[in-house]
Amino acid sequence: MSLKRKDLIGIAPLDPDEIRLILETADSFKEVSGREIKKVPALRGKTVVNFFFEPSTRTRTSFELAAKRLSADVINFSPSASSVVKGETLLDTARNIEAMQADIIVLRHQAAGAAETLARGVRASVINAGDGWHEHPTQALLDLFTLREKKREFNGLRVAIVGDLAHSRVARSNIYALTKLGAEVRAAGPPTMIPYGLDKLGVRIFYKLEEALRGVDVIMMLRLQLERQGRALFPTIREYSNLYSLTADRLKLADSQALVMHPGPINRGVEIAPDVADSLSSVILDQAANGVAVRMAVLYLLSGAS
Amino acid sequence: MNQSTIVVIRGGHVIDPGRVNGPADVLIEDGKIVAVGRDLAVPACRGGVPTIIDATGKLVLPGFVDLHVHLREPGYEYKETVKTGTASAVAGGFTSVCCMPNTNPINDNQAVTEFIRDQARAAGQATVFPIGAITKGSEGKELAEIGELRDAGCVAISDDGRPVMNSHVMRRAMEYALAFDLPVVDHCEDLYLSEGGCMNEGVVSTQLGLPGIPAAAEEVMVARDLALAELTGARLHLAHLSTAGSVRLVRDAKARGLRVTAEACPHHFALTEEAVRGFNTHAKMNPPLRTWSDVQALKDGLRDGTIDAIATDHAPHAVQDKQCEFVDAPFGVVGLETALPLTLALVDEGILPLEAAVAKLTSEPARAFRLSKGSLALGADADVVVVDPQETWAVDPEQFFSKSRNTPFAGWKMKGRVRVTVMGGRVLYEAGAARARISP
């Protein structure tokens, strides 16, 4: 089995069967990560380039581990160390990397559309590891994988996504993924952080967190980007926390088995109370562990290996 | 001894909006229109051979007038020059173009205006009417020497692309321009509302994760400008309206008798924000492509006269400028060589009668800026375009006369094409073999 596409740019272009294929493939790779010798030869002789224009620790490390466990050769490229600062375009830099016979390029970039633009210009497979506010497909896939372990069925699952959805690629990818699989998605946050027309993507919008949380099976907290304070999106961190922080009391409004997720890194005491975060640390670490398995699956399926 | 030159355009369907709409010949002598009528006799030509253009089955129209182009010279000659821009104009049927002042240096003084006009004369293509800056350096602070700009040949003033945000400065500019009866042209954009935006704020921007420019960014400035025009009595011209709200505001202002004119661009009525999908930098312009209902409102505005003119906002950018991430790409598309068929499409769609569509490209823009162009009246400059309204062709940007290829219409099948462009009685452009030179 393989994906019938060269690249993974986002969740939006995938159909539900492709999403399920990735998750099922990740099942078998999760088993590999539990072995004494955590390595399979599936991508032996292939070259994976991690091309990260934005600082990232967990996503880059996760892709690097995933590629190494598949026996691929891995190169890490970051803009400060590359020629990009000399004014070379993304496409020219990528073509140079490709000329060195890279098979898969993993791209993290601050501009929405960077991965799609790159994918059109190179023969190598491109995996979007986050482009601006647009998409972060492997994050959504690992969230789905984690949900599937805990909840099994996506259809009818009630999921609240809380925080700054307007500036979140994680939120967009999760909205596409969850709605495609039949989940009910709610968005909660101040109106300044709910992008125009989100309701037209099949999302129910709530400005009061308490109403959004009532009876949900899953709560996905988004990281509040603190540097956005002072840009008229919210008055103060204090008021934001008062209105939208996930506290133990608010958590009680959700289903008693509700799962809390966070893509990290967490601002303790800002979007999530420390006691809630700590009670959930197991899930957050599950997300991290599953990230490697899901990225192995994506690398494997795009490489055309069998 | 003076030798007169004679051109006869024969057998076509002449549309000179408000004057002629029917089969007629056009007789040109020494660069001026001397007769328009049926079966004109070719006068004896003193010492020369008259040029006869067979326009059978074609439309014969006044040369088009574009109120809004960017010729990029001085300063950005790698994108376009006065010469290539005016050649592009002539190939698209435009014999008069008004060029915006956002060159480098900015056209905020006589020297730059004169340089542009000199370059235009040297190029010998379309007539160039420069638009001067409203404020020095288009910085929105101090008024440019508007009187001198007018004396040097500027026909309007604008800080296009860098709109005057300070309403007090704009008020004073409108008042001051009254002394010279110059129209004040505004690119309506509240820079705080649009900050960081690169496409229409709507469902598509939400899906693509691109920062949006709300319709309100344009509409609040349209409303402001109309209030200031009412206060000052100035002649106000609103550039490239793109939203339903703007059309509504202008319609209301016209009904109340304000001296306001407005233009719309072909890309804004031929495309919607959907064209941005795939992060297509050739669909990035300012104002951005809007929604289907905005497009309908623009068409209504064109139909009922709220929108006077069709202008291209021809904005050339080099390949490397647009070959980058969508958020980083500059705004703008070329438009001179695709405007005619996109305008004629409005006729096929039943939005405009043919004569009204022609007026939007000729007499109406000329009236807005009081240019003695855009008509085939006796004694007028003989700027004439022969158009085949039926010819279909595919847009190939490599064939453009413009130096740049940044069009969202590459590969589009178009209907209607310029066959011949005559400027001041000289044949400057002809496509294929429509013209036959014969002795009488």
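All values reported here derive from a predicted model rather than from experimental measurement.

Here's the deal with the overall build of chain B
- Along the backbone of chain B there are 14 helices and 18 strands.
- A globule of 440 residues ought to have a C-alpha radius of gyration of about 22 Å, and chain B, at 21 Å, matches this closely.
- A principal-axis box enclosing the C-alpha atoms of chain B has dimensions of 65 × 45 × 45 Å.
- Out of the 440 residues belonging to chain B, those deemed buried represent 63%.
- Sequence-distant contacts in chain B: of pairs separated by 6 or more residues, those separated by 24 or more amount to 75%.
- With an accessible surface of roughly 15700 Å², chain B has 50% of that area assigned to carbon and sulfur atoms.
- Computed over 43 positive and 55 negative side-chain charges, the inter-centroid distance for chain B is 4 Å.

Quick notes on the sheet that holds strand 15 (residues 309–310) of chain B
All names here are of chain B.
- Spatial strand order, 6-7-8-9-10-13-14-15: 8 strands in an open sheet with parallel pairing. For this open sheet the edge positions go to strand 6 (64–69) and strand 15, each flanked by a neighbour on one side alone.
- Where strand 13 (residues 236–238) meets strand 14 (residues 260–264), 3 bridges bridge the pair, whose relative direction is parallel. Looking at strand 14, one finds that Leu236 is bridged to Val260.

What about the pattern of salt bridges?
All names here are of chain B.
- Taken as a whole and assessed by the stated rule, the structure comprises 45 salt bridges over all chains.
- As a salt-bridge pair, Arg370 and Asp181 come within 2.2 Å of each other at their nearest N and O atoms. Taken as a pair, Arg370 in the loop between helix 14 (363–369) and strand 16 (384–394) and Asp181 in the loop between helix 4 (167–178) and strand 10 (184–186) lie far apart in primary sequence, 189 residues in all.
- Its relative accessible area of 32% is what places Asp181 among the partly exposed residues.
- Here Asp383 makes a salt bridge to Lys373, at a shortest N to O gap of 2.8 Å. Residue Asp383 is located in the loop between helix 14 and strand 16, and its partner Lys373 is located in the loop between helix 14 and strand 16; the two are separated by 10 residues in the primary sequence.
- A relative accessible area of 5% means that Asp383 is categorised as buried.
- Here the residues in one salt-bridge network are Lys32, Lys373, Asp381 and Asp383, joined through shared partners.

What about the environment of Ala35 of chain B?
All names here are of chain B.
- Relative to the helices and strands, Ala35 resides in strand 3 (residues 32–37).
- Distance from Ala35 to Val8, taken between C-alpha atoms, is 9.6 Å for residues 27 residues apart in sequence.
- Beyond its immediate stretch of four places on either side in the chain, Ala35 contacts Asp25, Val26, Leu27, Leu40 and Leu378.

Brief notes about the packing of aromatic side chains
- Under the criterion given, the structure shown has 9 aromatic pairs over all chains.
- By the ring-pair criterion, three or more aromatic residues cluster together here, those being Phe51, Phe53 and Phe77 of chain A.
- The ring of Phe326 of chain B carries the charged tip of Lys284 of chain B above its face, separated from the ring centre by 5.5 Å.
- When the ring centre of Phe331 of chain B is taken as origin, the NZ or CZ atom of Lys284 of chain B, which lies over that ring, is 4.8 Å away.

A few points about the confidence of the model for chain B
Residue and element names in this part refer to chain B.
- When the pLDDT values of chain B are averaged, the result is 95; 96% of them are 70 or greater.
- Long-range and interchain partners of residues 433–440, a stretch whose pLDDT sits below 50, account for 16 contacts in this model, where long-range means more than four residues apart.
- ipTM for the predicted complex: 0.91, alongside a pTM of 0.93.

Some remarks on helix 8 (residues 244–255) of chain B
All names here are of chain B.
- In this model, helix 8 (12 residues) spans 17 Å end to end at C-alpha, consistent with the 16 Å of a helix rising 1.5 Å per residue.
- In this structure, the buried residues of helix 8 make contact with helix 7 (215–232), strand 13, strand 14 and helix 10 (292–304).
- Following helix 8 by one or two positions, Gly257 has its phi on the positive side, about 90 degrees.

Focus on the interface of chain A and chain B
- Facing 19 residues of chain A, the contacting portion of chain B comprises 15 residues.
- In this structure, the connection of chain A to chain B is made through 0 salt bridges.
- The tally of links from chain A across to chain B stands at 4 residue pairs in polar contact (both at pLDDT 80 or more).
- In terms of residue count, helix 4 (residues 114–121) of chain A provides more of the side of chain A that touches chain B than any other element does, 3 residues in total.

Remarks on the packing of helix 5 (residues 137–151) of chain A against helix 6 (residues 169–180) of chain A
Residues and elements named next belong to chain A.
- The contact between helix 5 and helix 6 brings their axes to 8 Å, and the two run at 55 degrees. The angle between helix 5 and helix 6 falls in the class oblique. In this structure, the crossing between helix 5 and helix 6 has a hand that is right-handed. Only Val170, Ser173, Asn174, Ala177 and Leu178 of helix 6 make contact with helix 5, whose side of the interface consists of Pro137, Gln139, Ala140, Asp143, Leu144 and Leu147.
- Of the residues contributing to the contact of helix 5 with helix 6, the split by class is 7 nonpolar, 3 polar and 1 charged.

A closer look at the sheet that holds strand 6 (residues 184–188) of chain A
Residues and elements named next belong to chain A.
- If you trace the 5 strands from one edge of the open sheet to the other, you get 7-6-5-8-9, paired in parallel fashion. Edge positions in the open sheet fall to strand 7 (203–206) and strand 9 (259–261), since each of these has one partner strand only. This sheet shows a mean twist of 20 degrees between the axes of neighbouring strands, independent of strand direction.
- Where strand 6 lies against strand 7, 4 bridges are found, and the strand directions are parallel. Opposite Val185, over in strand 7, you have Val203 as the bridge partner.
- Across the sheet, helix 6 touches strand 5 (158–162), strand 6, strand 7 and strand 8 (218–221), and the angle it forms with strand 5 is around 170 degrees.

Re the pairing of strand 17 (residues 413–423) of chain B
Residues and elements named next belong to chain B.
- Most of strand 17 sits inside the fold, with 8 of its 11 residues counted as buried.
- When strand 16 meets strand 17, the two strands line up antiparallel, connected through 8 bridges. Residue pairing for strand 17: Trp393 is matched across the bridge by Met414.
- Relative to strand 18 (residues 426–430), strand 17 runs antiparallel, the two sharing 4 bridges. Each bridged residue has a counterpart across the sheet, and for Val422 the counterpart in strand 18 is Val427.
- The turn joining strand 17 and strand 18, which pair antiparallel and follow one another in sequence, is formed by 2 residues; a positive phi near 50 degrees is taken by Gly424.

A word on the nonpolar core
- Formed by 67 residues in total, the largest nonpolar core has its most connected members in Phe94, Val97, Val128, Leu226, Leu238, Leu241 and Val387 of chain B.
- Val128 of chain B has contacts with Leu71, Val82, Thr86, Val97, Cys99, Ile116 and Ala120 of chain B, leaving out every residue within four places of it along the chain.
- Counting residues in each nonpolar core, the second largest holds 65 residues, with Leu23, Phe63, Val106 and Leu198 of chain A among its members.

As for helix 3 (residues 90–99) of chain A
All names here are of chain A.
- Listing the buried residues of helix 3 in full gives Leu90, Leu91, Thr93, Ala94, Ile97 and Glu98. Taken down its axis, helix 3 places every buried residue within 160 degrees of arc, on the same side.
- Looking one or two residues beyond helix 3, the residue adopting positive phi is Gln101, at roughly 70 degrees.

Structural notes on the pairing of strand 1 (residues 47–52) of chain A
Residue and element names in this part refer to chain A.
- Among the 6 residues in strand 1, 6 count as buried, and that is most of the element.
- Residue alternation in strand 1 divides its side chains into two sets, Thr47, Val49 and Phe51 and Val48, Asn50 and Phe52, and both sets are buried.
- The pairing of strand 1 with strand 2 (residues 73–77) spans 5 bridges and is parallel. Pairing of Val49 across the sheet is with Ile75, part of strand 2.
- Once you follow strand 1 into helix 2 (residues 58–69) and on to strand 2, the crossover reads as right-handed.
- Of the pairings in the sheet, the one linking strand 1 to strand 3 (residues 104–109) comprises 5 bridges and is parallel in character. The residue bridging Phe51 from the neighbouring strand is Leu107, located in strand 3.

Rules of the game
- Residues numbered from 1 in each chain as written.
- Chains lettered and ligands numbered in written order.
- Predicted model: local features only at pLDDT ≥ 70, side-chain atom pairs only at ≥ 80, totals over all residues.
- Heavy atoms only, no water.
- Helix = DSSP H or I, 4+ residues; strand = E, 2+ residues; numbered from the N terminus.
- Rg over C-alpha atoms; globule rule 2.2 N^0.38 Å.
- Buried < 20%, exposed > 50% of the residue type's maximum accessible area, 1.4 Å probe, protein only.
- Contact = heavy atoms within 4.5 Å.
- Areas by Shrake-Rupley, 256 points an atom, 1.4 Å probe, with all protein chains shown as cover.
- Lys, Arg positive; Asp, Glu negative; His and termini not counted.
- Charge placed at Lys NZ, Arg CZ, Asp CG, Glu CD.
- Pairing = 2+ DSSP bridges.
- Salt bridge = Lys/Arg side-chain N within 4 Å of Asp/Glu carboxyl O.
- Phe/Tyr/Trp six-rings, centres within 6.5 Å; stacked < 30°, edge-to-face > 60°.
- Lys NZ or Arg CZ within 6 Å of the ring centre and 35° of its normal.
- pLDDT = per-residue confidence, 0-100.
- Expected span 1.5 Å × (residues − 1).
- Polar contact = N/O pair within 3.5 Å; in protein donor to acceptor, adjacent residues only side chain to side chain.
- Axes fitted to C-alpha atoms, helices over the stretch in contact; angles between N-to-C directions.
- Parallel < 35°, antiparallel > 145°, perpendicular 65-115°, else oblique.
- Left-handed = near helix turned anticlockwise from the far one by under 90°.
- Nonpolar A, V, L, I, M, F, W, Y, C, P; charged D, E, K, R; others polar.
- Core = buried A, V, L, I, M, F, W, Y, C linked by side-chain atoms within 4.5 Å.
- Arc of directions from axis to C-beta.
- Right-handed = clockwise from strand over helix to strand, strands pointing away.

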